[in-house]
Amino acid sequence: TLVYANSTRARDRVGAIGFWALVAFLVVIYAGAIFGPPPPDTAAIAVAGHATWLLVAWAYWIDRHRAPR
């Protein structure tokens, strides 16, 4: 995260705020995985696995609003 933040700059507000919002969201998800209860069944794991692709789309969208230094 720090390498990416130091090697790119935000082109606009989406690139600045969106990047740190994604980082904060990933930290919350990580904390939930560590300290939360286990999944109730395999269907919940499957839904979470498929929903992970939304994070890829979010990161791609943010990257389009950032430029290399």
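Check the entry above for the structure.
Residues numbered from 1 in each chain as written. Predicted model: local features only at pLDDT ≥ 70, side-chain atom pairs only at ≥ 80, totals over all residues. Heavy atoms only, no water.

1. Details of the packing of aromatic side chains
In total, this model carries three aromatic pairs according to the counting rule given. Pairing Y4 with F19 gives two aromatic rings, centres 5.5 Å apart and planes at 40°, and the pair type is tilted. Pair noted here: Y4 is in helix α1 (residues 2-7) and F19 is in helix α2 (residues 13-35), with a separation of 15 residues, a long-range link. Owing to a relative accessible area of 6%, F19 belongs among the buried residues under this scheme. When the ring of F19 is compared with that of W20, the centres are 4.7 Å apart and the planes differ by 70°; the resulting orientation is edge-to-face. Judged by its relative accessible area of 47%, W20 falls in the partly exposed class. An aromatic cluster of at least three residues, connected via ring pairs, comprises Y4, F19 and W20. (Phe/Tyr/Trp six-rings, centres within 6.5 Å; stacked < 30°, edge-to-face > 60°. Helix = DSSP H or I, 4+ residues; strand = E, 2+ residues; numbered from the N terminus. Buried < 20%, exposed > 50% of the residue type's maximum accessible area, 1.4 Å probe, protein only.)

2. Points about the packing of α2 against helix α3 (residues 42-63)
At their nearest, the axes of α2 and α3 sit 9 Å apart, and the two run at 155° to each other. Judged by the angle between their axes, α2 and α3 are roughly antiparallel. In terms of crossing hand, the pair formed by α2 and α3 is left-handed. Of α3, the residues touching α2 (which contributes V14, G15, G18, F19, A21, L22, F25 and L26) are L55, W58, A59, W61 and I62. Here the residues of the contact of α2 with α3 sort into 11 nonpolar, two polar and no charged. (Axes fitted to C-alpha atoms, helices over the stretch in contact; angles between N-to-C directions. Parallel < 35°, antiparallel > 145°, perpendicular 65-115°, else oblique. Left-handed = near helix turned anticlockwise from the far one by under 90°. Contact = heavy atoms within 4.5 Å. Nonpolar A, V, L, I, M, F, W, Y, C, P; charged D, E, K, R; others polar.)

3. A look at α2
Helix length check: α2 (23 residues) gives 32 Å between terminal C-alpha atoms against 33 Å at 1.5 Å per residue, within 8%. All of the buried residues in α2 are G15, G18, F19 and L22. Residues of α2 that are buried sit in contact with α1, β1 (8-10), α3 and β2 (66-68). (Expected span 1.5 Å × (residues − 1).)

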